[in-house]
Amino acid sequence: MPSELEHAMESLITVFHRYASMEGNSNSLSRRELKDLMENELSGFLKAQKDTVAVDRIMTDLDANGDGEVNFEEFVSLVVGLTVACEQYYQLHLKQQGKI
Ligand SMILES: [Ca+2]
Ligand SMILES: [Ca+2]
């Protein structure tokens, strides 16, 4: 049975490929696939990002190799960035509760 962390890594891979295989290249996210993924899988964390302009900006930011698509490596940098932001928020929350 996979550990909690291994399970999280597996989920990242599964979710990425579920959306990446919807159209075109099945190993990368098109603009529309990225938009669907963000709307369905990151709606709690990205409430303010639902407009198309924000999706376009995120797409451009993520597309490190400039091919107009987001591959797994580029996608992971989004998840890492969000996770770091969440962890900072989590620390702040603990501090406010006087736990650290
Ligand atoms: Ca695709
Ligand atoms: Ca790319």
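Note that residues are indexed from 1 along each chain, following the sequence as it is written. Just so you know, chain letters begin at A and ligand numbers begin at 1, following the order they were written in. Note on the predicted model: pLDDT of at least 70 is required for a residue's local features to be given, and 80 or more for side-chain atom pairs to be given and counted; whole-chain, interface and lining totals, by contrast, use all residues. Hydrogens and water molecules were not included; the side-chain quantities draw on all heavy atoms of the structure.

Caption draft 1: Structural detail: the overall build of the protein. Broken down by element type, the protein carries 4 helices and 2 strands. Projected onto its principal axes, the C-alpha positions of the protein cover 50 × 40 × 25 Å. Each residue gets one of three labels from its accessible area relative to the maximum for its type: buried under 20%, exposed over 50%, partly exposed in between, using a 1.4 Å probe on protein chains only. The burial tally for the protein puts 26% of its 100 residues in the buried class. The contact criterion used throughout is that any non-hydrogen atoms of two residues lie within 4.5 Å. For the protein, the proportion of contacts with a sequence separation of at least 24, taken over those separated by at least 6, is 38%. What sets the accessible areas is the Shrake-Rupley method with a 1.4 Å probe; for residues, cover comes only from the shown protein chains. Here the protein displays about 7000 Å² of accessible surface, and carbon together with sulfur accounts for 56% of that area. Once the 9 positive and 17 negative side-chain charges of the protein are each reduced to a mean point, those two points are 10 Å apart. We count a stretch as a helix when DSSP gives it H or I for four or more residues in a row; a strand needs E for two or more, and each element gets its number in order from the N terminus. Two residue types count as positive, namely Lys and Arg, and two as negative, namely Asp and Glu; His and chain ends fall outside the count. Charged side chains are reduced to one point each, which is NZ for Lys, CZ for Arg, CG for Asp and CD for Glu.

Caption draft 2: Main features of the coordination of the calcium ion (ligand 1). Only Ala-20 (O), Glu-23 (O), Asn-25 (O), Ser-28 (O), Glu-33 (OE) and Glu-33 (OE) from the protein reach the calcium ion (ligand 1) as donors, at distances of 2.3 to 2.6 Å. Around the calcium ion (ligand 1) sit 6 donor atoms; with metal-centred angles ranging over 51 to 165 degrees, the donor geometry is irregular. Written as a sequence motif, the donor residues of the calcium ion (ligand 1) are A-x2-E-x1-N-x2-S-x4-E. Residue class for Asn-25 comes out partly exposed when judged on its relative accessible area of 43%. Each metal's donors comprise the N, O and S atoms found within 2.8 Å of it (within 3.2 Å for Na, K or Ca). Water is not part of the atom list, so some coordination spheres may appear incomplete. Labels for metal geometry use angle windows, namely 85 to 135 degrees for all angles of a four-donor tetrahedral site, and for square planar (four donors) or octahedral (six donors) sites opposite donors over 155 degrees apart plus all others within 65 to 115; sites meeting none of these are irregular.

Caption draft 3: Summary view of the coordination of the calcium ion (ligand 2). The calcium ion (ligand 2) binds to the protein through Asp-63 (OD), Asn-65 (OD1), Asp-67 (OD), Glu-69 (O), Glu-74 (OE) and Glu-74 (OE); the donor distances cover 2.3 to 2.6 Å. Classification of the site at the calcium ion (ligand 2) rests on its 6 donor atoms, whose angles at the metal span 52 to 157 degrees, yielding the label irregular. Relative accessible area serves as the criterion here: at 14%, Asp-63 is assigned to the buried category. Here Asn-65 falls in the partly exposed class, since its relative accessible area comes to 46%.

Caption draft 4: Local environment of helix H1 (residues 4–20). Taking 1.5 Å per residue as the helical rise, H1 with its 17 residues ought to reach 24 Å, and the 24 Å between its terminal C-alpha atoms agrees with that figure. Those residues of H1 lying buried are Val-15, Phe-16, Tyr-19 and Ala-20. Around the axis of H1, the buried residues are gathered within 125 degrees of arc, so they sit on the same side. By this rule the span expected of a helix is its residue count minus one, scaled by 1.5 Å. Our arc is simply the arc of the directions from the helix axis toward the C-beta atoms.

Read these as layout, nothing more, since geometry by itself doesn't imply function.
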